[in-house]
Structures are given as structure tokens and as C-alpha cells.
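Descriptive structure summary
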Amino acid sequence: MYQDKVLVCKDCGKEFVWTAGEQQFYAEKGFQNEPVRCKACREAKKRRSHQYNARRDKKAFGMSK
């Protein structure tokens, strides 16, 4: 059975708990790797990615100066 597990975020270095429920979800989805970022760092990475993609798309469609 799954048990809560303490992991260390690769971005900020803080410890975070990977809950038993999250582990079960990962297993059900077929994910094989443990998370490497805490929730705050995952959200920050998503925001950076979305901002980059928005700038890239503007350039691709000739919308930037």
C-alpha cells in the first residue's frame, strides 16, 4: 500500500509531501517517475512556460513589433 513520502524539490530545495493518494493517482495514470518539484514550483514553471509560448505565438503570427 502507499504511504506518504517526503521528497525534496529540485528547484527550491524545500521538502514536500507526496501523499499516498497522489502516489495512487500516479500509478493509475501509468506515471513512473516521482514528482521532482513542489506544488509552488510546478505552478511557477507552468506560468513561465505559458508566457514563453504566448510570446512565441505572437512572433509566429507577426503580432509583435
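First, a word on what this report is: a plain description of the structure on this page. (Residues numbered from 1 in each chain as written. Predicted model: local features only at pLDDT ≥ 70, side-chain atom pairs only at ≥ 80, totals over all residues. Heavy atoms only, no water.)

1. Digging into the overall build of the protein chain
Scanning the protein chain from terminus to terminus reveals two helices and two strands. In sequence order, the protein chain lays out its α and β elements as β-β-α-α. Here the analysis covers contacts within the protein chain between residues at least 6 apart in sequence; of these, 30% occur between residues at least 24 apart. Accessible surface, the protein chain as shown: approximately 5700 Å² in total, 51% of it carbon and sulfur. (Helix = DSSP H or I, 4+ residues; strand = E, 2+ residues; numbered from the N terminus. Contact = heavy atoms within 4.5 Å. Areas by Shrake-Rupley, 256 points an atom, 1.4 Å probe, with all protein chains shown as cover.)

2. Overview of the nonpolar core
Soluble, globular proteins show a tendency: their nonpolar side chains are buried together. Formed by Leu7, Cys9, Phe16, Trp18, Cys38 and Cys41, the largest nonpolar core amounts to six residues. Each residue touching cysteine 9, except ones within four places of it in the same chain, is listed here: Lys14, Phe16, Val36, Arg37, Cys38 and Cys41. (Core = buried A, V, L, I, M, F, W, Y, C linked by side-chain atoms within 4.5 Å. Buried < 20%, exposed > 50% of the residue type's maximum accessible area, 1.4 Å probe, protein only.)

3. Here's the deal with a positive patch on the surface
Residues Lys10, Lys45, Arg47 and Arg48 make up a contiguous surface patch of positive charge. Along the polypeptide, lysine 45 turns up in helix 2 (residues 39-60). On the basis of relative accessible area, lysine 45 is assigned to the partly exposed category, the value being 38%. (Patch = residues over 30% accessible without salt bridge, like charges linked within 9 Å, V, L, I, M, F, W, Y side chains within 5 Å. Salt bridge = Lys/Arg side-chain N within 4 Å of Asp/Glu carboxyl O. Lys, Arg positive; Asp, Glu negative; His and termini not counted. Charge placed at Lys NZ, Arg CZ, Asp CG, Glu CD.)

4. Some details on the pairing of strand 1 (residues 5-8)
The pairing of strand 1 with strand 2 (residues 15-18) spans four bridges and is classified as antiparallel. Opposite leucine 7, over in strand 2, you have phenylalanine 16 as the bridge partner. Joining the antiparallel neighbours strand 1 and strand 2 is a turn of six residues, in which glycine 13 adopts a positive phi near 80°. (Pairing = 2+ DSSP bridges.)

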